[in-house]
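Geometric and topological summary
Below, each chain spelled out in residue letters.
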Protein chains: 2
Amino acid sequence: MSDFVCHGDILYASDADKMEVFEDSYIVVQGGRTEGIYEVLPEKYAHMPLKDYKRGLIIPAFSDLHIHASQFVQRGVGMDKLLFDWLNDYTFPQEARFASMDYAKPVYDAVVKELIRHGTFHASLFTTIHYDASDYLFHVLEEKGLYAYVGKVNMDMNSPDYLCETTEESLRQTERFLAEHQGTKTVKPILTPRFAPTCSEPLMKGLGELSKKYHCGLQTHLAESLAEVKWTLELFPDYGSDAEIYERNGMLDNGPSIFAHFIFPSQADIDIVRRAGSMMVHCPDATTSVTAGIMPVKALQDKNVPIAVGTDVGACQSTAVYRQVARAVQLSKLKEFFEPEDNGRITFTHAFYMATKAGGSCFGHMGSLEKGYHFNALVIDGLEDDGFTLTPQERAERFCYAGDDRNIVARFIDGREIQ
Amino acid sequence: MSDFVCHGDILYASDADKMEVFEDSYIVVQGGRTEGIYEVLPEKYAHMPLKDYKRGLIIPAFSDLHIHASQFVQRGVGMDKLLFDWLNDYTFPQEARFASMDYAKPVYDAVVKELIRHGTFHASLFTTIHYDASDYLFHVLEEKGLYAYVGKVNMDMNSPDYLCETTEESLRQTERFLAEHQGTKTVKPILTPRFAPTCSEPLMKGLGELSKKYHCGLQTHLAESLAEVKWTLELFPDYGSDAEIYERNGMLDNGPSIFAHFIFPSQADIDIVRRAGSMMVHCPDATTSVTAGIMPVKALQDKNVPIAVGTDVGACQSTAVYRQVARAVQLSKLKEFFEPEDNGRITFTHAFYMATKAGGSCFGHMGSLEKGYHFNALVIDGLEDDGFTLTPQERAERFCYAGDDRNIVARFIDGREIQ
């Protein structure tokens, strides 16, 4: 891996309330990581190759902590349907087709291409219950060098016949998935019980044992709707909260635990995820379209609950995480408007932080341009109208609100430029 | 103007609950208008030139009933600011610069280019208080053949010193604007008091007289926030409602009356706008970003209040009306979620109808592909993944949720193809 220097404007969020901005500066990349940012390039780096992006803005790559790779071909259609009709008419029949590799391969190839196109280099992905298709996605991601968690989905109850496993088969295929994907470089397997209502207690128990045996993390949906919370507690009467199911079955001890949505958490849920150091995932467009509501981001932040951003494609129409940054700001305003007593708006910096450094933290030192972080970065440009200049933060904001992949003029993973 | 035939899939909303779909069909264009749609092309049209778009989807062009052309260069920046900071820090200083034609020309050129790029061929535009710049935008729109209303803005109180007219000057320049733009082809002048708090009663009275003298319509903001409603009634204590100011001063009698937002209307407002046959304008992203709230679209529809769609750039980040179609569906779900007693969700068909035929009705027979309507149309394509087919309605839906200008492969105004 060659070392090099990039020149341009540089921007990243080091914290939820701190945007770091370096105009007309140099970022030195050594061994695939950021060595430092300088207004004047130190003499000792003067020999390195220089990529001059002029007014191009160098930002961290995005992190999508919740995406259903298998639902990609459904994006932006059927959005008038209520959740259960959407699942039964579109999602479940579509997911069932991943039994065929002829079906799965082009979809997963397209998903990986889309992630790269939109600058998402860290992702936690749901597949389906099918081993072979999940294995294929895993290898395509690894081949491209993207950082990812991939989870073969578990479903052994309350699922359509054509998309339901036996408990034994679910555990057997999950163990196979974990065992066969040890020692990989950038992609790791992760436990993926779809959500509590589709997974029996014996399955949860077995997954906890696999978590310990293979030292792996967990991703699932948690507290997405009040109906789901109620149903879960009816199905698991011995548990006091949804999160407790994962805690007591030992799934929060051996890797990152990633919980999508967390819109209606109980205090017990909050205590458990904070104790476990879990990551919650805010998916603004998706929970709008399936009418789950709006995550109380500001209130959770005030309680020190870590939050990242996810697209939740296909409930979301696009894999562009940057657009969800804008949407997170917008929805926090509506949350405050409709429920002012408990909620507040968040800033652009906060939302950008969630979609970069917060989400990236599940993968290692990623999602920032601080010294020592992987140089997983984008250069964005073309955001100013002729004759009008914007500050770096204004350009980042316009990109998230109104830009698209045409504004991403360079992409780097581990300091390697990719197309 | 030459006559021709287009082949493809054809889709338009003839009503809020009726999407008309013709797969693999022919649309005959004569004299710039739709003559008819046929599954099999009648022999008498066989001699006409044929444009074959194959699986391309032919849809009506979009209508943007509320856009601040002068705020285009602000789009997608400063969105963390509260409304009055946003106005004072960004909007007002920026609008003041339209006193300079060197400033105004490139901005208005860019706006018109953007409208065409995104397939918006019918628009009602605010400019600023400045005559020359407003005149320039008028002529650029007319030259391109777009259908539009353009309004020189009136502000004679509660405005920054640098962006405030005397009552006399405001009326004088407005009359000049109306008088100098009579007899134009596709663009018409329209009265544009910014909103009641910035316009004195004598100004309103004078505008009403001009409305009668020059037979022109009205556009303004109405009932955008509770604070605005309260302030307006304090400033106009002799009036029972915001809409009554325009009614009693004679501004609803001589052309379309177009009211943006209408989020907190009183029953008196509703009665007045229905009596006048006015058009309300829903601007979903804009009223989210400035936290005005969500228009009660379903409830108003149930009361037979006509509603179109607007972007309200620059409070909205983009001139793409089709994206506001998706957003209108999404926000109706949140409105129902947070205030279920009075509200319901709307369908994609309903939102598409508002953004095409409903909005187009302010300009004549536009916004539909029915017989006799102007052939102001778009061809959209590239919305299907390799190997996956979608119905025409699914393609229209995906376009509005996730497509962009790259999906618009042909554009027609009055049967004339434009680039």
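Quantities reported herein were computed from a predicted structural model and do not represent experimental measurements. (Residues numbered from 1 in each chain as written. Chains lettered and ligands numbered in written order. Predicted model: local features only at pLDDT ≥ 70, side-chain atom pairs only at ≥ 80, totals over all residues. Heavy atoms only, no water.)

**Considerations on the sheet that holds strand β17 (residues 416–418) of chain B**
All names here are of chain B. The mixed open sheet is built from seven strands, whose spatial order is β3-β2-β1-β4-β15-β16-β17. Strands at the two margins of the open sheet, each flanked by one partner only, are β3 (33–38) and β17. Ignoring strand direction, the axes of neighbouring strands in this sheet form an average angle of 40 degrees. Inspection of the sheet shows strand β2 (residues 18–30) paired to β3 by five bridges, in the antiparallel sense. Across the sheet, Gln 30 pairs through a bridge with Arg 33, a residue of β3. (Pairing = 2+ DSSP bridges. Helix = DSSP H or I, 4+ residues; strand = E, 2+ residues; numbered from the N terminus. Axes fitted to C-alpha atoms, helices over the stretch in contact; angles between N-to-C directions.)

**Considerations on the sheet that holds strand β5 (residues 62–68) of chain B**
Residues and elements named next belong to chain B. One open sheet accounts for four strands, arranged β5-β6-β7-β9; its pairing is parallel. Among the strands making up the open sheet, the edge pair consists of β5 and β9 (187–189). Put simply, the sheet's adjacent strands are angled 15 degrees from each other on average, direction ignored. Packed onto the sheet, helix α11 (residues 321–338) meets β5 and β6 (120–126) and runs at close to 90 degrees relative to β5. (Contact = heavy atoms within 4.5 Å.)

**Observations concerning empty space enclosed by the protein**
In total, this model carries three cavities of 30 Å³ or more according to the counting rule given. When its volume is computed, the largest cavity comes out at roughly 40 Å³. Of the residues that constitute the lining of the largest cavity, the class distribution is two nonpolar, four polar and four charged. (1 Å grid on protein atoms, 1.4 Å probe; cavity = no way out; pocket = protein on both sides within 12 Å on 5 of 7 lines; lining within 4 Å. Points joined across faces, edges and corners; volume = space filled by probe spheres on them. Nonpolar A, V, L, I, M, F, W, Y, C, P; charged D, E, K, R; others polar.)

**As for the packing of aromatic side chains**
Residues and elements named next belong to chain A. Following the criterion strictly, the structure yields 41 aromatic pairs over all chains and no others. Geometrically, the ring pair formed by Phe 62 and Phe 352 is edge-to-face, given 5.9 Å between the ring centres and 85 degrees between the ring planes. Remark: Phe 352 occurs in helix α12 (residues 348–360) and Phe 62 occurs in strand β5 (residues 62–68); sequence separation between them is 290 residues. One exposure class covers both Phe 62 and Phe 352, and it is buried. For the pair Phe 375 and Phe 412, a centre-to-centre distance of 5.3 Å together with 55 degrees between the ring planes defines the contact as tilted. (Phe/Tyr/Trp six-rings, centres within 6.5 Å; stacked < 30°, edge-to-face > 60°. Buried < 20%, exposed > 50% of the residue type's maximum accessible area, 1.4 Å probe, protein only.)

**What about the state of the cysteines?**
In total, this model carries zero disulfides over all chains according to the counting rule given. For Cys216(A), which is in no disulfide, the shortest distance to another cysteine sulfur is to Cys199(A) and amounts to 14 Å. The cysteine Cys6(B) is free of any disulfide, with Cys400(B) supplying the nearest cysteine sulfur at 20 Å. (Disulfide = S-S within 2.5 Å.)

**Notes on the side chain of His181(B)**
Residues and elements named next belong to chain B. One can find His 181 in the loop between α4 (167–180) and β9. Overall, His 181 belongs to the buried group, its relative accessible area being 1%. Among the polar contacts listed, one links the side chain of His 181 to the side chain of Asp 135, at a separation of 2.7 Å. A distance of 2.7 Å separates the side chain of His 181 from the backbone oxygen of Phe 177, its partner in a polar contact. Each residue touching His 181, except ones within four places of it in the same chain, is listed here: Tyr 131, Asp 135, Phe 138, His 139 and Pro 189. (Polar contact = N/O pair within 3.5 Å; in protein donor to acceptor, adjacent residues only side chain to side chain.)

**A short note on the relation of the copies chain A and chain B**
Between the two copies, chain A and chain B, the superposition gives an RMSD of 0.0 Å; the rotation angle is 180 degrees and the shift along the axis is 0.0 Å. Such a turn and shift between the copies fits a two-fold axis. Every residue of chain A has its C-alpha some distance from the rotation axis, and the shortest such distance is that of Phe338(A), at 3.3 Å. When the interface residues of chain A are mapped onto chain B, 100% of them again fall at the interface, so both copies present the same face. (Least-squares fit on C-alpha atoms with pLDDT ≥ 70 in both.)

**A look at the pattern of salt bridges**
Evaluated as defined, the whole model comprises 55 salt bridges over all chains. Residues joined by salt bridges that share partners form a network here, namely Glu114(A), Arg117(A), Asp404(A), Asp405(A), Arg406(A), Glu114(B), Arg117(B), Asp404(B), Asp405(B) and Arg406(B). (Salt bridge = Lys/Arg side-chain N within 4 Å of Asp/Glu carboxyl O.)

**A word on a negative patch on the surface**
Residues Glu23(A), Asp24(A), Glu39(A) and Asp52(A) make up a contiguous surface patch of negative charge. Note on placement: Glu23(A) falls in strand β2 (residues 18–30). (Patch = residues over 30% accessible without salt bridge, like charges linked within 9 Å, V, L, I, M, F, W, Y side chains within 5 Å. Areas by Shrake-Rupley, 256 points an atom, 1.4 Å probe, with all protein chains shown as cover. Lys, Arg positive; Asp, Glu negative; His and termini not counted. Charge placed at Lys NZ, Arg CZ, Asp CG, Glu CD.)

**Focus on the packing of helix α4 (residues 167–180) of chain A against helix α5 (residues 201–214) of chain A**
Residues and elements named next belong to chain A. Between α4 and α5, whose axes approach to 10 Å, the crossing angle comes to 15 degrees. Taken together, the axes of α4 and α5 are roughly parallel relative to one another. The handedness of the crossing between α4 and α5 comes out as right-handed. Across the interface between the two elements, Thr 167, Ser 170, Leu 171, Thr 174, Glu 175, Leu 178 and Ala 179 of α4 pack against Pro 202, Leu 203, Gly 206, Leu 207, Leu 210, Lys 213 and Tyr 214 of α5. Residue composition of the contact of α4 with α5, by class: eight nonpolar, four polar and two charged. (Parallel < 35°, antiparallel > 145°, perpendicular 65-115°, else oblique. Left-handed = near helix turned anticlockwise from the far one by under 90°.)

**Quick word on the pairing of β2(B)**
All names here are of chain B. Of the strand pairs in this sheet, strand β1 (residues 4–15) and β2 are connected by 10 bridges, and their pairing is antiparallel. Among the inter-strand pairings, Phe 4 is bridged to a residue of β2, identified as Val 29. Linking β2 to β3, which pair antiparallel, is a turn of two residues; within it Gly 31 sits at a positive phi near 60 degrees.

**Details of the confidence of the model for chain A**
Summarising the model, chain A shows a mean pLDDT of 97, and 100% of its residues fall at 70 or more. Overall fold confidence (pTM) sits at 0.98, and the ipTM for the predicted complex is 0.97. (pLDDT = per-residue confidence, 0-100.)

**Section: the side chain of Asp385(A)**
With respect to the helices and strands, Asp385(A) occurs in the loop between β15 (377–380) and α13 (392–402). A distance of 2.9 Å separates a polar atom in the side chain of Asp385(A) from a polar atom in the side chain of Arg75(B). Not counting residues within four places of it along the chain, the set of residues in contact with Asp385(A) comprises Arg398(A), Phe72(B), Val73(B) and Arg75(B).

**Some thoughts on the interface of chain A and chain B**
Contact residues are listed per partner, giving 49 residues for chain A and 50 residues for chain B. Both sides together, the interface formed by chain A and chain B hides about 4200 Å², and carbon and sulfur atoms give 53% of it. Linking chain A with chain B are eight salt bridges, by the criterion used here. Of the charged contacts in the structure, one is a salt bridge between Asp385(A) and Arg75(B), with a shortest N-O distance of 2.9 Å. Across the contact surface, chain A and chain B share 28 residue pairs in polar contact (both at pLDDT 80 or more). Those elements giving two or more residues to the side of chain A that touches chain B turn out to be α2 (101–117), α9 (284–289), α11 (321–338), α12 and α13 of chain A. It is α11(A) that provides the largest number of residues to the side of chain A that touches chain B, a total of nine residues. For the side of chain A that touches chain B, the residue count by class is 22 nonpolar, 11 polar and 16 charged. (Buried area = accessible area lost by both parts, 1.4 Å probe.)

**Re the nonpolar core**
Leu125(A) and Leu125(B) are the most contacted members of the largest nonpolar core, which totals 253 residues. Ignoring sequence-local partners within four residues, the contact set of Leu125(A) consists of Ile67(A), Ala69(A), Val111(A), Leu115(A), Leu137(A), Leu141(A), Ala148(A), Tyr149(A), Val150(A), Gly151(A) and Gln219(A). (Core = buried A, V, L, I, M, F, W, Y, C linked by side-chain atoms within 4.5 Å.)

**Considering the environment of Phe84(B)**
Residues and elements named next belong to chain B. Here Phe 84 shows up in helix α1 (residues 83–96). With a relative accessible area of 51%, Phe 84 lands in the exposed category. Distance in space between the C-alpha atoms of Phe 84 and Met 48 is 57 Å, their sequence separation being 36 residues.

**Brief notes about unusual backbone geometry**
Residue and element names in this part refer to chain A. A cis amide bond, omega 5 degrees, links Val 313 with the succeeding residue Gly 314. For Phe 262, which is not glycine, the phi torsion reads 50 degrees and is therefore positive. In this structure, Phe 262 sits in the loop between β12 (257–261) and α8 (267–276).

**Digging into α4(A)**
The α-helix advances 3.6 residues per turn, and as a result positions three or four apart in sequence lie on the same side. Look at α4(A): 20 Å from first C-alpha to last across 14 residues, which is about the 20 Å you get at 1.5 Å a residue. Among the residues of α4(A), Thr167(A), Ser170(A), Leu171(A), Gln173(A), Thr174(A), Phe177(A) and Leu178(A) are the ones counted as buried. (Expected span 1.5 Å × (residues − 1).)

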